[in-house]
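Secondary and tertiary structure notes
Each chain is listed here by its residues.
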Amino acid sequence: MVTNKEAWALLKMMWFGGQKWGMPGAGDHCDVPLASTLPRESFSCSSQLSRSHGPGFASLNRRDGAGGWSPLVSDKYQWLQVDLGERMEVTAVATQGGYGSSDWVTSYVLMFSDSGRNWKQYRREESISGFPGNTNADSVMHYQLQPPLEARFLRFLPLAWSPKGRIGMRIEVYGCTYRSEMVNFDGKSSLLYTFNRKSVSPAKDVISLKFKTRKTDGILLHREGQNSKHVTLQLVRGKLILLLNSGCANLPSPDAHATLTLGSLLDDEHWHSVLIELGNTHVHFTLDRHSQHFQAEGKCDYLDLDYKISFGGIPGHGKSVAFPQKDFHGCFENLYYNGVDIIDLSKKHTTQILVTGNVSFSCSHPQIVPVTFLSSRSYLALPGTIGEDKVSVTFQFRTWNRAGLLLTTQFQHGPVALVLVLNDGKLRLSLSQPGHPARDITAGAGLSDGQWHSVSLSLKGNHLNVMVDGEAASVAHSLHGQIDSGETYYLGGCPDSSSGPGCGGPLAGFQGCLRLISIGDQAVDPIMVQQGSLGTFRDLQIDTCGLTDRCLPSYCEHGGECSQSWDTFSCDCMHTGYTGATCHSSLFEQSCDAHRHRGNSSGFYYIDSDGSGPLGPALVYCNMTEDTTWTLVQHNGSQLAKVKSLNRESPQPVFFKYTVSLDQLQAIMDGADDCRQELVLRCKKSRLSADGTPVSWWVGRTNETHTYWGGSLPGAQKCACGLQGNCLDSQYHCNCDAARNEWTSDTVVLSHKEHLPVTQVAMRDTGRPHSEAAYTLGPLLCSGDNSFWNSASFSTDTSYLHFPTFRGELSADVSFFFKTTAPSGVFVENLGITDFIRLELRTPAEVTFSFDVGNGRCEVTVRSPTPFNDNQWHHVRAERNVKEATLQVDQLPSKTQAAPADGHARLQLNSQLFVEISAYFGIGSSVIYDFQEHSNYTTSKNSSSFATLLHGGLTLAGEMATLSFRTTGTPSLLLYVSSFYEEYLSVILTPNGSLQIRYKLDRHQEPDVFNFGFKNFADGWLHQVTIHREAAVVSVEVNQNARRQVVLSSGTEFNAVKSLMLGTILDPPGADPDTLRASLRGFTGCLSAVRFGPAAPLKAALRPSGPVAVTVRGHVAAASQCAESKGTRAPAREANRPISSGTGACGSGPTDGGEALVSADRRDPAVIGGVIAVVVFVLLCLTTVAARIYQQRWLYKKNESTVPPAGDSAETALKSEVNMQSSVSESQREYFF
């Protein structure tokens, strides 16, 4: 599967990259301001506060009028629209607030349209439609559109705005001219292109186009050959399907007939981009930003087709292939076949193009105005037709919800009510009158499939009729009173004040789209509703259908079936072998050792060797009768195989097929300590080698041929008897090589894991008279589980672990055992620019899983009635996916936190995964981290959180800084970030111990000072600080529960960032007196988890991995995590360990002289090492979980002859302790990587 970025890059190259494949355009510089050059008449809006607040003043940086657009009322129904005059390629947008005011928009939706009708939202990700706006009136928020869009009209819809003002906007649009050729098909027309054989590329066909339609079905292109071979692209129920028929009936089905499906809801009358690359045996298929790839294993050629290709349909419906689908009804744009402009050829009426039917070269269709019901509280109230003696209502709807109120009305004369609801995907129409039995009609089925469905209902005389998609149902009624039109028709729901029929009940309102509404044979114009001249409404979007397919792409893993409603999706994991919200977690243990640990006895079991990875569970036999647990994998040739030549021809080798796939075998062997396979060779005048030349061999997993036999090294060609010197004939290295007239045998054990399992055996020396051979291949046997029993000990305070970046963009899980006596500590953490994950022991009885994927910090906490720091093993399992985050510890009830329905979904990390780095700072010590030498600080203009390189330094529109500290000294400088322009950020403790954060983003102004209460933070306990700035808005979180937000007055950008300083700083440039006083005093205590964006200064200082611009002065001692309880001072030797040792540390120690720093209880100096050590379990499988996480395995390699006693004792102690706890709770279920 190709990524979205790769697919877009390929599409852009094809369409805009040059003359050969696309239209000549503006090249790479498509960023010209488009809106500022337009006349005022090109801007329009929903309403305006006054003439001076009109839309004509809404260009970026304009100061005339009131300095921007503001609507009459600030609510979510307002919009600002710009007409670019013609379709343009739009690559970026920018927004400002109203000039010199308190009015700005903090978030908005961007919509686009070709005609000013039928708007569509631009979505930044699969689930994100909103854009971040401004934090003040005058700063510019610029956003790059990836991919760009093509449209004539843009509309900005404010979602939220300044809490101290109202909606205020100034905007700019960036892009360039967009050139295109169009062709329109009416459903009965087509183009047939006949090309020269010499013009066809022998290696690949490339077809690119854009299309739009309001029809759900139709053939877009078709090319065929002999024997029903064909390639066809068609719409089926709003999905795009590429059909490939190789014409090779003798091939298995996947090669003979391939079907690739992309997209959904493509009948939205918006442009969709298609790219098809068709090779001899492979196909690459891209729709918009999603791709599929197909590789055939057979030898049939998909390019062996006729030299004709049709577009828009099949003329005469083909000569050899019959299709029930209709021809295409809609428009194509920029249609290219191998670089040939098909539309241009058609316009020129060349002989290569055969035009069938009515084909035109423009794209104009009557506009249909849909209405979106956004929530269960949405409704549309429309007046009835006075004086009619009948009821008549028609409309079309589409939805994913299985239930909802569609229509309700009450007659003008008499208490007769009509209610139409969607219930379990069916329509139910009810007619009721007090004192009379209600009459119901049920019609239709499966109506919650996202397709448009037409509804027509009528009541006249004594007949009630309803028609759904052309199928009618009716019922007679005996109601009394006059039949007339309802006074008001409520569609989709009811106002809160309404107590009419169908309102206020348990049935929720309708969520979905309606169009073509007609009441009393009179069509309803939704634009009049939007303008306030017809009916009333709540929570609607008019002139757009906002229905999205939440199952595209599907986040259900391992074959789980996706279903959806308006605002969420769910996965059916039945029969997949996996569980969880996205079918991510395996139901099965990862090894036979894990089954034995649970107390199971020998037998057949499913094991899932890669856990939540792509490989499915495998059925194996677990032999637990010995001290060693063996995993047995059988094959189809366990019986004695006899080999004898026929007519002196060499016998064919026997192929072995195992009960699990080769990928599963690979995973089983990768996780095992030892694998072997027994092969018994029986020979009668049949040799394994003749005069040193092999005449028999076996083939391994990767199809390599081997001529060595068990017990010997590869290439030695010796059997076990040859190595042991006890062959029947001492002249030979194998018994079979003696070629005796009686039966002899060699029993060999093959034990090189990289060559196993055996896939075939060939014994070819059976062509001589009376020569025979036979063999028996045993099952594959594997023992040991290096992920189950693997562990690491932290024998010194300077030991540490670090891993590659955690890869779990859409789903990932982490599991491990830990034990400790410490009251708190971070198990594992990984950071991105703003995203992060963290697992920690927050208090003695709380384990917390926290993360941020762009929607704000999310936490899941499991609390225990008994402490976790009891020096016993505890099992932790955390999972995060696009649906939810879960955390389970031991057998305590798991905790779950749901993800927002329309939030960011991808976790994006870029730093190494590591255990917290901590350091003790002595008096006068410091660490200075120079940003100028760290070019890996990523930049982007898409977010204010990213940096842009300016003035030889880093200019930041926003940043995130974190640190943890423990001290008793005041005043103290905790963090100082300087700039070349005397701008700075400082975090200090004042003389009374209170926390202050100071920002100075303009050297000509005084710093902004943020006092975080009057609490004394110099109390010897651990405190955590997180600072997050976006432009002028600064959010500060202390100890993960106290949060505050302020707005800076000194500026919005941190210009030319130079260095980050910790500890004692002499004469910091531009510092205010309080920061200067704290910097001279410096810091004496423990600092941990210091971050500024992706920069980790303590990690760079304590664990240098290469040339780094970090300066260390004085005694900075590597320490264990600062989160230790108060107690006596630790030995002074730890404080005096010099940093020049060059090793990172996870040890502990006090300060170097000066005031005494309260330290940890040292009753068990290895305990905190145990807490950190077990983090290795977190990622033992990270490198094998494809597209999710990478493993880092710590392998204990066992020598065949001897094993060091220390290694034995360590592993034995670990097994003994875990198994002892297992016997206490046999019901415990544990997960391992």
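Now for a description of the structure that goes with this document. (Residues numbered from 1 in each chain as written. Predicted model: local features only at pLDDT ≥ 70, side-chain atom pairs only at ≥ 80, totals over all residues. Heavy atoms only, no water.)

**Some points on the environment of Cys-503**
Position of Cys-503 among the secondary structure elements: in the loop between β34 (486-491) and β35 (512-519). Residue classification places Cys-503 among the buried residues on the basis of a relative accessible area of 13%. Each C-alpha atom, one on Cys-503 and one on Val-419, is 9.6 Å from the other, the two residues being 84 residues apart in sequence. In contact with Cys-503, not counting residues within four places along its chain, are Thr-408, Cys-494 and Ser-498. (Helix = DSSP H or I, 4+ residues; strand = E, 2+ residues; numbered from the N terminus. Buried < 20%, exposed > 50% of the residue type's maximum accessible area, 1.4 Å probe, protein only. Contact = heavy atoms within 4.5 Å.)

**A closer look at the pattern of salt bridges**
Applying the stated rule across the entire model yields 37 salt bridges. Asp-205 serves as the salt-bridge partner of Arg-223, at 2.5 Å between the closest nitrogen and oxygen. In this pair, Arg-223 is assigned in strand β12 (residues 218-224) and Asp-205 in strand β11 (residues 204-212), connecting sequence segments 18 residues apart. We classify Asp-205 as buried; its relative accessible area is 2%. Between Glu-859 and Arg-857 there is a salt bridge, with its nearest N and O atoms 2.8 Å apart. Residues joined by salt bridges that share partners form a network here, namely Glu-840, Arg-842, Arg-857, Glu-859 and Glu-1037. (Salt bridge = Lys/Arg side-chain N within 4 Å of Asp/Glu carboxyl O.)

**Here's the deal with the state of the cysteines**
Scanning the entire structure with this criterion turns up 12 disulfides. Residue pairing for Cys-494: its cysteine sulfur links by disulfide to Cys-503, the two sulfurs lying 1.9 Å apart. Its S-S torsion of approximately -75° makes the covalent link between Cys-494 and Cys-503 left-handed. Of the two residues examined, Cys-494 and Cys-503, each falls in the buried class. At a sulfur-sulfur separation of 2.1 Å, the disulfide partner of Cys-513 is Cys-545. A torsion of 95° about the S-S bond marks the disulfide between Cys-513 and Cys-545 as right-handed. A residue pair is termed long-range when its members are at least 10 positions apart, and Cys-513 in strand β35 and Cys-545 in the loop between β38 (540-542) and β39 (561-564) qualify at 32 residues. Take Cys-513: its relative accessible area is 0%, and that puts it in the buried class. (Disulfide = S-S within 2.5 Å.)

**Some remarks on unusual backbone geometry**
Along the chain, Leu-552 connects to Pro-553 via a cis peptide bond; the corresponding omega equals -5°. Looking at the element boundaries, Pro-553 is found in the loop between β38 and β39. Of note, the bond from Thr-970 into Pro-971 is cis; its omega dihedral lies within 30 degrees of zero at -15°. Looking at the element boundaries, Pro-971 is found in the loop between β71 (958-967) and β72 (972-979). With phi around 50°, Ala-739 is a residue other than glycine that occupies positive phi space. Along the chain, the position of Ala-739 falls in the loop between α7 (720-724) and β53 (744-750). Of note in the backbone geometry, His-770 takes a positive phi value of approximately 65° without being a glycine.

**Points about the pairing of strand β48 (residues 674-684)**
Sheet topology note: the β48/strand β56 (residues 780-783) ladder contains three bridges and is antiparallel. Within β56, the position partnered with Arg-676 by the bridge is Leu-781. Across six bridges, β48 lies against strand β55 (residues 772-777) in antiparallel orientation. The partner of Val-680 across the bridge, within β55, is Thr-776. (Pairing = 2+ DSSP bridges.)

**Topic: helix α8 (residues 1073-1081)**
For α8, every residue scored as buried is listed here: Thr-1075, Ala-1078 and Ser-1079. Each buried residue of α8 sits inside an arc of 100° when the element is viewed along its axis, so together they form one side. Facing away from the buried side of α8, by more than 90 degrees, are the exposed residues Pro-1073 and Leu-1080. Where the residues of α8 are buried, they touch β72, β73 (984-989), β74 (995-1000) and β79 (1054-1063). (Arc of directions from axis to C-beta.)

**As for helix α6 (residues 662-670)**
When α6 is considered as a whole, its buried residues turn out to be Gln-664, Leu-665, Ala-667, Ile-668 and Met-669. Against the buried residues of α6 lie β43 (603-607), β44 (618-623), β45 (630-633), β48 and β56.

**Examining the environment of Phe-1083**
The topology assignment puts Phe-1083 in the loop between α8 and β80 (1085-1092). In this structure Phe-1083 comes out as buried when scored by relative accessible area, which is 1%. Considering only alpha carbons, one finds Phe-1083 and Ile-1065, 18 residues apart in sequence, at a separation of 9.6 Å. Setting aside anything within four residues of it in sequence, one finds Phe-1083 in contact with Phe-921, Gly-922, Phe-965, Arg-966, Thr-967, Ser-972, Leu-973, Leu-974, Gly-1063 and Thr-1064.

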